[in-house]
2 protein chains.
Amino acid sequence: MASLVNCVDSSVTVMSGILKAMNFAALKHSFQKRKDAAGTPYINHPIGVANILFFEGGVKDLVTIQAAILHDTVEDTDTSFDEITANFGSEVTDVVKEVTDDKSLPSAERKRLQVVTAPHKSDRGKAVKMADKIYNLRDLQKSVPIGWSIERAQQYFSWAQKVTNGCRGINSNLEQILDNLYSNGKII
Amino acid sequence: MASLVNCVDSSVTVMSGILKAMNFAALKHSFQKRKDAAGTPYINHPIGVANILFFEGGVKDLVTIQAAILHDTVEDTDTSFDEITANFGSEVTDVVKEVTDDKSLPSAERKRLQVVTAPHKSDRGKAVKMADKIYNLRDLQKSVPIGWSIERAQQYFSWAQKVTNGCRGINSNLEQILDNLYSNGKII
Ligand SMILES: [Mn+2]
Ligand SMILES: [Mn+2]
């Protein structure tokens, strides 16, 4: 995954790009909470996903980090892909597109599509997908969302594993974390 | 304010420093909301203050940006200065200290101290203080917080002006924005 650890951007470009993406996502997710009992602000999730990519995955590619920060804005808020392109360019948009479910489809079909499309995503898309699942699996281990049975949480683990199996081969750090989660980390 | 526009940090240092501060602040402010009717997540505020500094104030100094992201963690959450130092170093902590009220003091005394101490703060502390006030004044213009009278909001404008008058001379961009807010932007 050489392209995701290159450092071609200047420090000012990086500062600008991250601050702008953070502010954009925070405003867009303002009214949204995570599904946990504590009602954690939704923006904590994309911030956490970007942190997993950088600090645990070693991903230093600005486009990937911005896409991680923005990854749920189109799926979960009124944001359009055109808005992402206008603010962050087409490279970031391409990654966000790769990790955005089509909410017009039934939930089961969206889940099936995540599994079958994963192997065809770009390295950037695969990296964001893996970090997203790591965050969500850790969240599930901490507390099962309101309204979820233990079985539903277990099924999320099994399904996530099918998705991330399709993302293998581009980041061994993230793969190792996922393998540990799947082998040791199931909810009991 | 030459020191606040230097770009001595590498892009990886900047990416690391901003992502870590964002995640730290988001976790610390998880259970806190802004005082607006919408109940905006508190983390939107420090993210917004950092954005004002960079995009409107032209401040590119990583220590200042990190201090902005962290500026309310000690005042409003269980965070200690030692924790800030352990995670972000003494330079960031020094700025956070400068913009942290002593909550053991009565509110009126804290407000008086902000006015009298402002001129003695570092350039970094002054910049964060101005951006913080810009964010809060714009918030007040959008909607008066729950439980606040119009008079209380007006008094906030007058008090903020006394504080930021003590911060003049280090960033003409931020000063101009504040001058416009004070002359045109009062709540009517
Ligand atoms: Mn997500
Ligand atoms: Mn503040």
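Below: a short report on this structure. (Residues numbered from 1 in each chain as written. Chains lettered and ligands numbered in written order. Predicted model: local features only at pLDDT ≥ 70, side-chain atom pairs only at ≥ 80, totals over all residues. Heavy atoms only, no water.)

## Considering helix α1 (residues 11-28) of chain A
- The end-to-end C-alpha distance of α1(A) is 26 Å, a good match for the 26 Å that 18 residues give at a rise of 1.5 Å each.
- Listed in full, the buried residues belonging to α1(A) are Ser11(A), Val14(A), Met15(A), Gly17(A), Ile18(A), Leu19(A), Ala21(A), Met22(A), Asn23(A), Phe24(A), Ala25(A) and Ala26(A). (Helix = DSSP H or I, 4+ residues; strand = E, 2+ residues; numbered from the N terminus. Expected span 1.5 Å × (residues − 1). Buried < 20%, exposed > 50% of the residue type's maximum accessible area, 1.4 Å probe, protein only.)

## A look at the packing of helix α7 (residues 107-117) of chain B against helix α9 (residues 150-165) of chain B
All names here are of chain B.
- Running from amino to carboxyl end, α7 crosses α9 at an angle of 35°, the nearest separation of the two axes being 7 Å. On the side of α7, the interface is formed by Lys111, Gln114 and Val115, while α9 contributes Tyr156, Trp159, Lys162 and Val163.
- For the contact of α7 with α9, the class distribution of residues is 4 nonpolar, 1 polar and 2 charged. (Axes fitted to C-alpha atoms, helices over the stretch in contact; angles between N-to-C directions. Contact = heavy atoms within 4.5 Å. Nonpolar A, V, L, I, M, F, W, Y, C, P; charged D, E, K, R; others polar.)

## Some remarks on the interface of chain A and chain B
- With 34 residues of chain A at the contact, the number on the chain B side is 34 residues.
- When residues of chain A are sorted by the area they lose upon contact with chain B, Ser11(A), Met15(A) and Leu19(A) head the list and together hold 23% of the total.
- Linking chain A with chain B are 0 salt bridges, by the criterion used here.
- Counting every contact that joins chain A to chain B gives 6 residue pairs in polar contact (both at pLDDT 80 or more).
- For the side of chain A that touches chain B, the secondary-structure elements that each account for two or more residues are α1, α2 (44-56) and α3 (62-70) of chain A.
- With 12 residues, α1(A) is the single largest residue contributor to the side of chain A that touches chain B.
- Grouping the amino acids of the side of chain A that touches chain B by side-chain chemistry returns 20 nonpolar, 9 polar and 5 charged. (Buried area = accessible area lost by both parts, 1.4 Å probe. Salt bridge = Lys/Arg side-chain N within 4 Å of Asp/Glu carboxyl O. Polar contact = N/O pair within 3.5 Å; in protein donor to acceptor, adjacent residues only side chain to side chain.)

## Side note on the environment of Val74(A)
Residue and element names in this part refer to chain A.
- Position of valine 74 among the secondary structure elements: in helix α4 (residues 73-76).
- The sequence separation of valine 74 and proline 41 amounts to 33 residues, and the corresponding C-alpha distance is 17 Å.
- In contact with valine 74, not counting residues within four places along its chain, are Thr79, Ser80, Phe81, Ile84, Val96 and Thr100.

## Looking at the coordination of the manganese ion (ligand 2)
Residues and elements named next belong to chain B.
- Bound to the manganese ion (ligand 2) are the protein donor atoms His45 (NE2), His71 (NE2), Asp72 (OD) and Asp132 (OD), situated 2.2 to 2.3 Å from the metal.
- For the manganese ion (ligand 2), the single-chain donor residues occur in sequence as H-x25-H-D-x59-D. With aspartate 72 in the loop between α3 (62-70) and α4 (73-76) and aspartate 132 in helix α8 (residues 123-142), the pair connects residues that are 60 residues apart, well separated along the chain. Both residues of the pair, aspartate 72 and aspartate 132, belong to the buried class. (Donors = N, O, S within 2.8 Å, 3.2 Å for Na, K, Ca; no water.)

## Observations regarding the relation of the copies chain A and chain B
- With an RMSD of 0.0 Å, the operation that places chain A on chain B is a rotation of 180° combined with a shift of 0.0 Å along the axis. Seen this way, the second copy is the image of the first under a two-fold rotation axis. No C-alpha of chain A approaches the rotation axis more nearly than that of Ser11(A), which lies at 1.9 Å. (Least-squares fit on C-alpha atoms with pLDDT ≥ 70 in both.)

## Regarding the packing of aromatic side chains
All names here are of chain A.
- This model, assessed by the stated rule, comprises 8 aromatic pairs over all chains.
- Here the aromatic rings of phenylalanine 24 and phenylalanine 88 are separated by 5.4 Å at their centres, their planes lie at 90°, and the arrangement is edge-to-face. Of the two residues, phenylalanine 24 sits in helix α1 while phenylalanine 88 sits in helix α5 (residues 81-88), which places them 64 residues apart along the sequence. There is no split in this pair, since phenylalanine 24 and phenylalanine 88 are both buried.
- A centroid spacing of 4.8 Å and a plane angle of 75° characterise the contact between phenylalanine 54 and phenylalanine 55, whose relative ring orientation is edge-to-face.
- Given a relative accessible area of 7%, phenylalanine 54 falls into the buried group.
- Residue classification places phenylalanine 55 among the partly exposed residues on the basis of a relative accessible area of 39%.
- When the ring centre of phenylalanine 54 is taken as origin, the NZ or CZ atom of lysine 60, which lies over that ring, is 5.3 Å away.
- Its guanidinium or amino end placed over the ring of tryptophan 159, lysine 111 lies 3.5 Å from that ring's centre, counting from NZ or CZ. (Phe/Tyr/Trp six-rings, centres within 6.5 Å; stacked < 30°, edge-to-face > 60°. Lys NZ or Arg CZ within 6 Å of the ring centre and 35° of its normal.)

## Regarding the pattern of salt bridges
Residue and element names in this part refer to chain A.
- Evaluated as defined, the whole model comprises 24 salt bridges over all chains.
- The salt bridge partner of glutamate 91 is arginine 124, with a shortest N-O separation of 3.3 Å. Placement of glutamate 91 in helix α6 (residues 90-98) and of arginine 124 in helix α8 (residues 123-142) is noted, with a sequence separation of 33 residues between them.
- A salt bridge links glutamate 175 to arginine 168; the nearest nitrogen and oxygen atoms lie 3.3 Å apart.
- Looking at glutamate 175, the relative accessible area reads 13%, which means it is buried.
- Given the relative accessible area of 37%, arginine 168 is considered partly exposed.
- Through salt bridges with shared partners, a single network forms among Lys28, Asp78 and Glu83.

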